[in-house]
Amino acid sequence: MPNASRTINSKQLTINKKVKLSAIIFLLLFSLITHHFSLTLAQQSPLNEAKANYTAQLTKYNIANENYITAKSNYISFQTASAKGEAFTKTKEYLSQVDELLLVYMRLVEEYGENSKWQNASFDKSTLDGVLDEQIILIEDHKNQVQQTETLEQLPPLAKGLKEQLDNSTIPKINKIIVTFDIAQTEYVFSRFGDVSQSTSDFVQTRINPANNTLFLNWQSEIADIKDKTANNLDLAKQNHQKIKEDKNNSFQIKQTNQIIQRAKDELKRSKNLFEEMLRVI
Amino acid sequence: MTNGNYQDSQVMEKDILSEENLPQTAQQPPQIKHKLAIKPSVKISLILSKMKNFKKPKLKTIIILLVAIFVVLLGLLLLSSRQSKEETKTRVKIAIASPQVSADPQFEQTKKEVFNFNNELDSLDSELNNIKFPEIDLDVDF
C-alpha cells in the first residue's frame, strides 16, 4: 500500500510539472502574440499620431474648462480665500491646457503640410513652415508666462492677450496656410491628370479601331474640357488666395476660396470614369 | 373448474412458453439501450476521476484557462486561414476574368497609372476642411 501511494504521488508530481511547463509555454506564446499585435497597432504615421494627440488634448482641454468654470462659480459665490486659491489653480491649469491644445493643433497642421505634395505647387513650403514656427514660439512664450503666475489677478490679462493674438494673427494665418495646402494638393493632382491623360491618349491611339474613333474623339474633347475648367478654377483660387488677409478675420475670403477649390476638384473627379471607360473599350 | 378458467390458464401458459422460447436477438434491444445509457456516464466518470487527481484548484483553473486560450487561438487561426482562402479565391477570379491583359505590358502600365491617379483623386477628399481652428473660450474674468 505505501508503494502504491508513492507511485501515485510521483505520478502526480510528473503531471504537475508537465502542466506547469505547458502553462508557461502557452503563456509565453500568448504574450508574444499580443505584444506583436500591440506593436503593429502602435506603428502609426506621424499624421495619425498628430491626430491622436490632438483628440487626446481636446479631451484634456474640455476637462480643464469644466474645472475652471466650477472653480470660478464657487469663488464668485463664496468669495473665500480658499475658493480664490482653487480658482487660481484651476484657471492656471485651464490656460495651460489652452496653450497645449494650440501647440498640438499647430503640429497637426504641420503634419498635414508634410503629407501634401509640393512638386507642382505655386507656393514655397518653407515660407509656410516659417509662419507656423513663429506662431508656435508665440504660444510657447505665452505658456511660460502662465506657468510663472502666482496670483489670480495675473491670469485674466494673459487670457485677454492670447485672445487678441489669436484673433488678429494666429487664426487668420493658420486658416490661410490650410487653404494653401489645399491648393497645392489640387495643383499636384491636376499635373498628374495631365500626365495620365496624355499617356492614356497615346496608348489608345495605337489600339483604337475605326469604329471607335468617334468615341475616342469625344473622349479627348471631354478631357480637354476638364483640363480647361480645372485650370481656370485653380487660377481663380490662387487669385483669391492672394487677397486673404493675415491680420484680421478672413473667414469670408477663406470660404470663397474653398468653394472655388472645390469646383476644381469636382472637375478633376469627372475624369475618373472617363479613363476607366476608355480602357474598357480598348 | 369452469371452461373459461381453463381456457384463461391455457392462454397464460402459452404466453409464458412463448416468452421463454423467444430467440436471443429479440431480447437484445433492451440490453443495447442499457449499454448506450452506460457509455456517457462512463466517459464522464473517467474525466471526473482524472480531474480528481488534480487536487489543487489552481491547477484546474490553469488547465481550463490554457484550454480556453488554445481554443481561441485555433479559432483565430482558422478564421484568418479562411479569410486568406477567400482572398486568394477573389484574386484567382480577377486573373481569370482578364487573361488578355497579362499579355499586354503597355496596357498593364497604363492601367496601373490610371489606378494610381484614381487613388490620388480620392486623396483630394482630404480632411483639410475638418481641421478647423479649435473653439477656445478666453473670456477669463472674475
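In short, a report on the structure. (Residues numbered from 1 in each chain as written. Chains lettered and ligands numbered in written order. Predicted model: local features only at pLDDT ≥ 70, side-chain atom pairs only at ≥ 80, totals over all residues. Heavy atoms only, no water.)

What follows covers the overall build of chain B. A tally of helices and strands in chain B yields 4 helices and 0 strands. Reading the secondary structure of chain B in the N-to-C direction produces α-α-α-α. Taking all 142 residues of chain B together, 15% fall into the buried category. Surface exposure of chain B reaches about 11800 Å², of which carbon and sulfur atoms provide 61%. (Helix = DSSP H or I, 4+ residues; strand = E, 2+ residues; numbered from the N terminus. Buried < 20%, exposed > 50% of the residue type's maximum accessible area, 1.4 Å probe, protein only. Areas by Shrake-Rupley, 256 points an atom, 1.4 Å probe, with all protein chains shown as cover.)

As a further point, take helix H2 (residues 46-78) of chain A. Residue and element names in this part refer to chain A. The terminal C-alpha atoms of H2, which comprises 33 residues, lie 47 Å apart, in line with the 48 Å expected from a rise of 1.5 Å per residue. When we look at burial in H2, the residues that qualify are Leu47, Ala50, Tyr54, Gln57, Tyr61, Ala64, Asn65, Tyr68, Ala71, Lys72 and Tyr75. Buried residues belonging to H2 abut helix H3 (81-115). One or two positions beyond H2, positive phi appears at glutamine 79, with a value near 55 degrees. (Expected span 1.5 Å × (residues − 1). Contact = heavy atoms within 4.5 Å.)

Before going further, it helps to spend a moment on the packing of helix H5 (residues 155-207) of chain A against helix H7 (residues 251-269) of chain A. Relative placement of two packed helices is described by the angle separating their axes and the distance separating the axes. Residue and element names in this part refer to chain A. Between H5 and H7, the shortest axis-to-axis distance is 11 Å and the interhelical angle comes to 15 degrees. Here H5 is positioned roughly parallel relative to H7, judged by the angle of their axes. The handedness of the crossing between H5 and H7 comes out as left-handed. Listed contacts from H7 to Asn175, Lys176, Val179, Asp182, Ile183, Thr186, Val189, Phe190 and Phe193 of H5 are Ile254, Thr257, Asn258, Ile261, Ala264, Lys265 and Leu268. Classifying every residue of the contact of H5 with H7 by side-chain character gives 9 nonpolar, 4 polar and 3 charged. (Axes fitted to C-alpha atoms, helices over the stretch in contact; angles between N-to-C directions. Parallel < 35°, antiparallel > 145°, perpendicular 65-115°, else oblique. Left-handed = near helix turned anticlockwise from the far one by under 90°. Nonpolar A, V, L, I, M, F, W, Y, C, P; charged D, E, K, R; others polar.)

What follows is about the environment of lysine 143 of chain A. All names here are of chain A. Within the fold, lysine 143 resides in helix H4 (residues 125-147). Look at lysine 143 and you get partly exposed, because its relative accessible area is 25%. Sequence spacing of lysine 143 and lysine 92 is 51 residues, and the spatial spacing of their C-alpha atoms is 9.9 Å. Lysine 143 has contacts with Asp99, Glu100 and Leu103, leaving out every residue within four places of it along the chain.

Once that is clear, we can look at the packing of H5 of chain A against helix H6 (residues 213-242) of chain A. All names here are of chain A. It is at 11 Å that the axes of H5 and H6 come closest, and there the two elements cross at 160 degrees. For the element pair H5 / H6, the angle class is roughly antiparallel. Here the hand of the crossing between H5 and H6 comes out left-handed. Of the residues that constitute the contact of H5 with H6, the class distribution is 12 nonpolar, 10 polar and 4 charged.

This structure, assessed with the given rule, holds 14 aromatic pairs over all chains. Ring centres of phenylalanine 190 of chain A and phenylalanine 193 of chain A lie 6.3 Å apart, and the angle between their planes is 15 degrees; on these two criteria the pair is classed as stacked. Remark: phenylalanine 193 of chain A and phenylalanine 190 of chain A occur in helix H5; sequence separation between them is 3 residues, near one turn of the helix. As far as the burial class goes, phenylalanine 190 of chain A and phenylalanine 193 of chain A line up, both buried. Ring pairs connect the aromatic residues Phe190, Phe193, Phe216, Trp219 and Phe275 of chain A together with Phe117 of chain B, which therefore count as one cluster. (Phe/Tyr/Trp six-rings, centres within 6.5 Å; stacked < 30°, edge-to-face > 60°.)

What follows concerns the interface of chain B and chain A. The interface of chain B with chain A comprises 41 residues on the first partner and 59 residues on the second. Buried surface at the junction of chain B and chain A, summed over both partners, amounts to about 4700 Å²; 70% is from carbon and sulfur atoms. Of all residues in chain B, the largest losses of buried area upon contact with chain A belong to Phe133, Leu138 and Phe142 of chain B, amounting jointly to 17% of the total for that side. Our count for the contact surface shared by chain B and chain A stands at 3 salt bridges. A salt bridge links aspartate 122 of chain B to lysine 272 of chain A; the nearest nitrogen and oxygen atoms lie 2.9 Å apart. Where chain B packs against chain A, one counts 13 residue pairs in polar contact (both at pLDDT 80 or more). Looking at the side of chain B that touches chain A, the elements that each hand over two or more residues are helix H3 (57-97) and helix H4 (105-123) of chain B. When grouped by side-chain class, the residues that make up the side of chain B that touches chain A number 21 nonpolar, 7 polar and 13 charged. (Buried area = accessible area lost by both parts, 1.4 Å probe. Salt bridge = Lys/Arg side-chain N within 4 Å of Asp/Glu carboxyl O. Polar contact = N/O pair within 3.5 Å; in protein donor to acceptor, adjacent residues only side chain to side chain.)

Turning to unusual backbone geometry, a few remarks are in order. Residue and element names in this part refer to chain A. At glutamine 79, a residue that is not glycine, the phi angle is positive and equals roughly 55 degrees. When you line up the elements, glutamine 79 lands in the loop between H2 and H3. Glutamine 79 gets classed as exposed once you look at its relative accessible area, which sits at 52%.

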